[in-house]
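# Summary of the model geometry
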Amino acid sequence: MKLCVELAPHNQRGLHLQNPVMAASGTVGYGTEYAKVVDIERLGAIVCKGTTLSPRQGNPQPRLAETASGLLNSVGLQNIGIEALIKEKAPIWAAWRVPVIVNIAGKSIEEYAELSRRLEGVAGVSGIEVNVSCPNVAQGGMDFGQSPQAAAKVTSAVKSETTLPVIVKLTPNVADIAQIALAVAEAGADALSLINTVVGLAIDIAGRRPFLGGISGGLSGPAIKPIALYMVYRVYQAVNIPIIGCGGICCGDDALEFIMAGATAVQIGTANLVNPNAPLEVLEGIERFMEREGMEDIAELVGVAKAP
Ligand SMILES: Cc1cc2nc3c(=O)[nH]c(=O)nc-3n(C[C@H](O)[C@H](O)[C@H](O)COP(=O)(O)O)c2cc1C
């Protein structure tokens, strides 16, 4: 059974995954703690926490609120910064077989470019995921992902500084995600990942104020799966670069829905916080389905769910 996928077919280095199941940014840290509880070498890839030029403390507490079938977070890109990532984390990743992709976030186009420049040639880094979709920071983040022109500019700036495969991560908080996807693809992105979280709010009724320290938050988990699935379906019709589907995936059948809608690979986020083995269970679910259906190659399933 062939499960391997190529996420950057037009990039010289390529981004080859042994299977299509990845761990999503922000839900497995830098993978080092996660590696103590899960056999990470069985995963397709790991995406690390969103990384900025300087270390960030993140937003005030509380940062998490459970919702019906979902999670609202306003972590606010707490991270160790690019320098510590290169010095302390990349050498650990270099010894792993599983590819690690670094998720980057900037306050300006120049910051995205600088982050990419710093990652060039760093052993242990297999790709860059450009986060133009974080709803939990005051500056930058989602702003870049809400305009086709700005998203394209960030993409070109990153591409001009790196030979690494570049995945651009899109926000669902837009009128038409296909327009943004098209602009980013034309600007040279190797692949797209979608979706990041959906902006939401929780109210503390006893305190009569917003519950989260960051006021609004990003909704994730099963609550957003139909939204994400529709967006993958839409974007698949608009672009011809690989799509990584993400949003509420908890089991093999969820992942299969995304693949049939047009995703070449999938990312598992919130489910990791409930069950760290979720990505491996997703993978096993896909394998069982393919066995049952007598399928040879996962590629046969990508985008098969077309409207009649
Ligand atoms: C606690 C938490 C932190 C996150 N941090 C990041 C981040 O740093 N960068 C990023 O691009 N996405 C981040 N995300 C978004 C996820 O990677 C994913 O796109 C989103 O949660 C939807 O997938 P899910 O429903 O499987 O969680 C975060 C999500 C959660 C729940």
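Residues numbered from 1 in each chain as written. Predicted model: local features only at pLDDT ≥ 70, side-chain atom pairs only at ≥ 80, totals over all residues. Heavy atoms only, no water.

### Looking at the pairing of strand 7 (residues 100–104)
For clarity, the threshold we go by: Burial classes: relative accessible area under 20% of the type maximum marks a residue as buried, over 50% as exposed, and values in between as partly exposed (1.4 Å probe, protein chains only). Numbering of helices and strands runs from the N terminus; a helix is a DSSP stretch of H or I covering at least four residues, while a strand is a stretch of E covering at least two. At least two DSSP bridges between two strands are required for those strands to pair.
Here strand 7 lies mainly inside the structure; five of its five residues are buried. Side chains Val100, Val102 and Ile104 of strand 7 all project onto a buried face; the interleaved residues Ile101 and Asn103 project onto the opposite face, where all are buried too. In this sheet, strand 7 lies alongside strand 4 (residues 45–47) in parallel orientation, the contact comprising two bridges. Directly across from Ile46, in strand 7, lies its bridge partner Val100. The pairing of strand 7 with strand 8 (residues 127–131) spans four bridges and is parallel. Each bridged residue has a counterpart across the sheet, and for Asn103 the counterpart in strand 8 is Glu129.

### What about the packing of helix 6 (residues 252–261) against helix 8 (residues 278–292)?
To be explicit about the condition: In this description, a line fitted to the C-alpha atoms serves as the axis of each element, helices being fitted only across the stretch in contact, and the angle between N-to-C directions of two axes falls anywhere from 0 to 180 degrees. For classification purposes, an angle smaller than 35 degrees is called roughly parallel, one larger than 145 roughly antiparallel, one from 65 to 115 roughly perpendicular, and anything else oblique. In this scheme the crossing of two helices becomes right-handed for a clockwise turn of the near helix relative to the far one and left-handed for an anticlockwise turn of less than a right angle. Contact between two residues is taken to exist if any of their heavy atoms lie within 4.5 Å; hydrogens are not considered. Throughout, the ten residues Ala, Val, Leu, Ile, Met, Phe, Trp, Tyr, Cys and Pro are labelled nonpolar, Asp, Glu, Lys and Arg are labelled charged, and all others, Gly among them, are labelled polar.
Put simply, helix 6 and helix 8 touch, their axes get as near as 7 Å, and they point 70° apart. Between helix 6 and helix 8, the angle is such that the two are roughly perpendicular. Taken as a pair, helix 6 and helix 8 cross one another with a handedness that is right-handed. Of helix 8, the residues touching helix 6 (which contributes Gly252, Ala255, Leu256, Ile259 and Met260) are Glu281, Val282, Gly285, Ile286 and Phe289. Among the residues making up the contact of helix 6 with helix 8, the classes are represented as seven nonpolar, two polar and one charged.

### A few points about the pattern of salt bridges
Close approach of charged atoms allows side chains with opposite charge to pair. Note the threshold: The working definition used for a salt bridge is a side-chain nitrogen of Lys or Arg within 4 Å of a carboxyl oxygen of Asp or Glu.
Considering all chains together, one arrives at 14 salt bridges under this definition. In this structure, the salt-bridge partner of Asp190 is Lys159, at a minimum N-O distance of 2.9 Å. Of this pair, Asp190 sits in the loop between helix 4 (177–186) and strand 10 (191–194) while Lys159 sits in helix 3 (residues 148–161), and the two are 31 residues apart along the sequence. The partly exposed category is assigned to Lys159, whose relative accessible area is 23%. One salt bridge connects Asp204 with Arg209, and the closest N-O pair in it is separated by 3.8 Å. One network of salt bridges, in which partners are shared, links Glu110, Glu114, Arg117, Arg118 and Glu161.

### Considerations on the packing of aromatic side chains
Keep this limit in mind: When two rings of Phe, Tyr or Trp (its six-membered ring) have centres within 6.5 Å they constitute a pair, described as stacked for plane angles under 30 degrees, edge-to-face for angles over 60, and tilted for the intermediate range.
Overall, the coordinates contain one aromatic pair when judged by the stated rule. Both rings, one in Tyr112 and one in Phe144, keep their centres 5.5 Å apart while their planes meet at 85°; by these two values the pair is edge-to-face. Taken together, the residues span a long stretch of sequence, with Tyr112 in helix 2 (residues 109–119) and Phe144 in the loop between strand 8 and helix 3 at a distance of 32 residues. Overall, Tyr112 belongs to the buried group, its relative accessible area being 0%. With relative accessibility at 12%, the residue Phe144 sits in the buried group.

### Some words on the site of the ligand
Keep this limit in mind: Proximity is defined per residue: any heavy atom of the residue falling within 4 Å of a molecule or strand makes that residue near it. Any N or O atom pair separated by 3.5 Å or less is treated as a polar contact, with the protein-specific requirement of one donor-capable and one acceptor-capable atom, and with residues adjacent in sequence counted only for side-chain atom pairs. Note that accessible areas follow from Shrake-Rupley with a 1.4 Å probe, and for residues the cover is restricted to the protein chains shown.
Around the ligand there are 22 residues in total, and Ser25, Lys169, Gly221, Gly248 and Thr270 lie nearest to it. One nitrogen or oxygen atom from the side chain of Thr270 is found 2.6 Å from an oxygen atom belonging to the ligand. Taken by itself the ligand offers 610 Å² of open surface, and the protein chains cover 96% of this.

### A word on helix 8
The condition that has to hold: One less than the number of residues in a helix, times 1.5 Å, gives the span that helix is expected to have.
With 15 residues, helix 8 ought to run about 21 Å at 1.5 Å a step, and its terminal C-alpha atoms sit 21 Å apart, in line with that. Of the residues making up helix 8, those classed as buried are Ala278, Pro279, Leu280, Val282, Leu283, Gly285, Ile286, Phe289 and Met290. If you follow the buried residues of helix 8, they end up packed against strand 3 (21–23), helix 6, strand 16 (265–268) and helix 7 (270–274). The positive-phi residue at the C-terminal boundary of helix 8 is Gly294, with phi of around 65°.

### Notes on the sheet that holds strand 8
Here we have eight strands rolled up into a closed barrel, ordered 3-4-7-8-9-10-15-16, and parallel in their pairing. Strand-to-strand twist of the sheet, defined as the mean angle between neighbouring strand axes without regard to direction, takes the value 25°.

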